[in-house]
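The primary structure of each chain is shown beneath.
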Amino acid sequence: MEGQSADLISSLLPLVALFAIFYFLIIRPQQKQAKNHKEMIAGLKKGDKIVTNGGLMVEITKVEESYLIVKNHDNTEMKLVKEFVAKLSE
């Protein structure tokens, strides 16, 4: 009986180690990145310059609950869903 439990532990140990490596190298960094992105979106305000997921560089003119009104370089205003903000522009 003791031999079987030791054999079971030794066979599960590599799987546990693999899961731990997977968690610390893939899952945890993605969760941190998603949290930072959510905080960045929550902190957007009028006048901020942003880059969209499509690569447009625009300026925020109005912040709504689920979308932004943004202005392009030629003063064209557009609605943009908040989740499509990639980053703040320098």
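It should be emphasised that the depicted structure is a prediction, and the values quoted were computed from it without experimental measurement. (Residues numbered from 1 in each chain as written. Predicted model: local features only at pLDDT ≥ 70, side-chain atom pairs only at ≥ 80, totals over all residues. Heavy atoms only, no water.)

A. Broad picture of the sheet that holds strand β2 (residues 57-63). The strand order across the open sheet formed by five strands is β4-β3-β2-β1-β5, and the pairing between neighbours is antiparallel. In this open sheet, the two strands that pair with only one neighbour each are β4 (77-81) and β5 (85-88). Within the sheet, the average angular offset between the axes of one strand and its neighbour, ignoring direction, is 45 degrees. Across four bridges, the pairing between β2 and strand β3 (residues 67-71) is antiparallel. Within β3, the position partnered with Glu 59 by the bridge is Lys 71. (Pairing = 2+ DSSP bridges. Helix = DSSP H or I, 4+ residues; strand = E, 2+ residues; numbered from the N terminus. Axes fitted to C-alpha atoms, helices over the stretch in contact; angles between N-to-C directions.)

B. The arrangement of the packing of aromatic side chains in detail. A full pass over the atoms with the stated rule returns one aromatic pair. Residues Tyr 23 and Phe 24 carry aromatic rings whose centres are separated by 5.1 Å and whose planes lie at 80 degrees to one another, so their mutual orientation is edge-to-face. One residue, Lys 79, lies across the ring of Tyr 67, its end atom 4.4 Å from the ring centre. (Phe/Tyr/Trp six-rings, centres within 6.5 Å; stacked < 30°, edge-to-face > 60°. Lys NZ or Arg CZ within 6 Å of the ring centre and 35° of its normal.)

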